[in-house]
Amino acid sequence: MQGSVRRRPFPAAAPGSPPPAGPLYPGRHSTVKAEDTFKTSPFHLDLWFYFTLQNWVLDFGRPIAMIILPLEWFPLNKPSAGDYFHMAYNIITPFLLLKLIERSPKTLPRSMVYVSIITFVMGASIHLVGDSVNHRLIFSGYQHHLSVRENPIIRNLKPETLIDSFELLYYYDEYLGHSMWYIPFFLILFIYFTGCFTPVAEQSRMPLAALLLVGPSSLYYWYLVTEGQIFILYIFTFFAMMALVMHQRRKGLVLDSNGLFLFYSFIITLLLIALWVGWLWNDKILRKKYPGVIYIPEPWAFYTLHMNNLHAAK
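If you're wondering where the values come from, they're calculated on a predicted model, not measured in any experiment. (Residues numbered from 1 in each chain as written. Predicted model: local features only at pLDDT ≥ 70, side-chain atom pairs only at ≥ 80, totals over all residues. Heavy atoms only, no water.)

**Looking at the overall build of the protein chain**
Working step 1: Helix and strand content of the protein chain: eleven helices and two strands.
Working step 2: Listed by position from the N terminus, the elements making up the protein chain come as α-α-α-α-α-β-α-α-β-α-α-α-α.
Working step 3: Relative to its 314 residues, the protein chain shows a buried fraction of 44%.
Working step 4: For the protein chain, contacts bridging at least 24 residues in sequence account for 78% of all contacts bridging at least 6. (Helix = DSSP H or I, 4+ residues; strand = E, 2+ residues; numbered from the N terminus. Buried < 20%, exposed > 50% of the residue type's maximum accessible area, 1.4 Å probe, protein only. Contact = heavy atoms within 4.5 Å.)

Next up, the structure:
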């Protein structure tokens, strides 16, 4: 037909040659995810070591540094040594979490990771302010084992609306700050945990370095759960890990060394929490502050109640 254009047929591909790119060859743009290749990462000794070390020094150690160091160095109307520890924690921890996600052999949801990191930084920063004031109130006689309104230095404030302001500060510290800090923290750990599976049974073992770190790591998580009052968040995360392990086992997959490190850390943490609760089960004063079915006292409440003489001497 006159005016028509004759189309040249595609040349036949040579035997053994790769298919040309294009929508007719979806294999070139495969939708197979990276997790289907089941790559296995070696144990991240450097990241887990730095992670555990900075947790102990910058998080657990900040209130201790505030109490031990002389007040002349950090006046009560200025940031304390613990506040600077907290600032460093708010920078280093999200960086290490991002590096941990980068080393996952599985393609993880980046948008969820980024939103979680942003929320984590915001929540930890809110907690920085509230925790700074609440901990420095110890020097004025504030007792953490009592509620805000039951504290002698608070209930005598005039006008009484000032008490509402301190309760707002406590809310930002213990509730809003903790929620925005710990929920994304455990979410990121769980997201990373989903990529810690391998079909090779020989790779499901922990090296000596992991065995040495699992104790300090578990002890820190015990402090995090008890002091942060986040047992429900922790136990739901642990149950989700257990469900995922059983689900993947049906598919012939087992945890690699990094997954085992996280999983065993959470198991030992649960045992430590049980021992802590059993030890303080009959403490009537702490029972009054932590009523209800879930009774998990805070370590700092125990400190101000039973070790107040040491603090008074300081």
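**Quick word on helix 6 (residues 208-228)**
Working step 1: For helix 6, spanning 21 residues, the distance from its first C-alpha to its last is 30 Å, which sits close to the expected 30 Å at 1.5 Å a residue.
Working step 2: Largest kink in helix 6: about 30°, centred on Val214, with the proline Pro216 one to four residues after it.
Working step 3: Gln229 lies just past helix 6 and shows a positive phi near 55°. (Expected span 1.5 Å × (residues − 1). Bend = angle between axes of the 7 residues up to and from the residue.)

**A look at unusual backbone geometry**
Working step 1: Cis geometry is adopted by the peptide bond preceding Pro159, which originates at Lys158 and carries an omega value of -5°.
Working step 2: Inspection of the secondary structure assignment puts Pro159 in the loop between helix 4 (152-155) and helix 5 (161-193).

**So, the pattern of salt bridges**
Working step 1: Summed over the entire model, instances satisfying the criterion amount to six salt bridges.
Working step 2: Salt-bridge contacts for Arg149 lead to Asp164; the nearest nitrogen and oxygen are separated by 2.6 Å. Taken together, the positions of Arg149 in the loop between helix 3 (110-136) and helix 4 and Asp164 in helix 5 put the pair 15 residues apart, joining distant regions of the chain.
Working step 3: Relative accessible area serves as the criterion here: at 40%, Arg149 is assigned to the partly exposed category.
Working step 4: Under the relative-accessibility criterion, Asp164 is labelled partly exposed at 39%. (Salt bridge = Lys/Arg side-chain N within 4 Å of Asp/Glu carboxyl O.)

**A short note on the side chain of Ser265**
Working step 1: By the element assignment, Ser265 lies in helix 8 (residues 257-279).
Working step 2: For Ser265, a relative accessible area of 0% translates into the label buried.
Working step 3: When neighbours within four sequence positions are excluded, Ser265 is seen to be in contact with Val214, Ser217, Ser218 and Tyr221.

**Focus on the confidence of the model for the protein chain**
Working step 1: Scored by pLDDT, the protein chain has a mean of 84; 84% of the residues are at 70 or more.
Working step 2: Confidence drops under pLDDT 50 across residues 1-5; counting only partners more than four residues distant or on other chains, this segment forms zero contacts.
Working step 3: Segment residues 21-37 is flagged for pLDDT under 50; beyond a separation of four residues in sequence, or across chains, it makes ten contacts in the model. (pLDDT = per-residue confidence, 0-100.)

**Details of the environment of Thr194**
Working step 1: With respect to the helices and strands, Thr194 occurs in the loop between helix 5 and strand 1 (197-198).
Working step 2: Linking Thr194 and Ser104, residues 90 residues apart in sequence, is a C-alpha distance of 9.2 Å.
Working step 3: Leave out the neighbours within four places in its chain, and Thr194 touches Lys106, Leu108 and Leu244.

**Side note on the packing of helix 1 (residues 45-68) against helix 6**
Working step 1: Where helix 1 meets helix 6, the axes come as close as 10 Å, and the angle between the chain directions of the two elements is 30°. Where helix 1 crosses over helix 6, the handedness of that crossing is left-handed. Residues Leu45, Trp48, Phe49, Phe51, Thr52, Asn55, Trp56, Asp59, Phe60 and Pro63 of helix 1 lie in contact with helix 6, whose contacting residues are Ala209, Leu213, Pro216, Ser217, Leu219, Tyr220, Tyr221, Tyr223 and Leu224.
Working step 2: Classifying every residue of the contact of helix 1 with helix 6 by side-chain character gives 15 nonpolar, three polar and one charged. (Axes fitted to C-alpha atoms, helices over the stretch in contact; angles between N-to-C directions. Left-handed = near helix turned anticlockwise from the far one by under 90°. Nonpolar A, V, L, I, M, F, W, Y, C, P; charged D, E, K, R; others polar.)

**A closer look at the nonpolar core**
Working step 1: Counting residues in hydrophobic clusters, the biggest one holds 65 residues, and the most contacted among them are Trp48, Phe185, Phe193, Tyr221 and Phe266.
Working step 2: Of all the elements in the fold, those that place two or more residues in this core are helix 1, helix 2 (81-102), helix 3, helix 5, helix 6, helix 7 (231-250), helix 8 and helix 10 (299-306).
Working step 3: Among the nonpolar cores identified, the runner-up in size contains six residues, and Leu137, Val148, Ile154 and Tyr170 belong to it. (Core = buried A, V, L, I, M, F, W, Y, C linked by side-chain atoms within 4.5 Å.)

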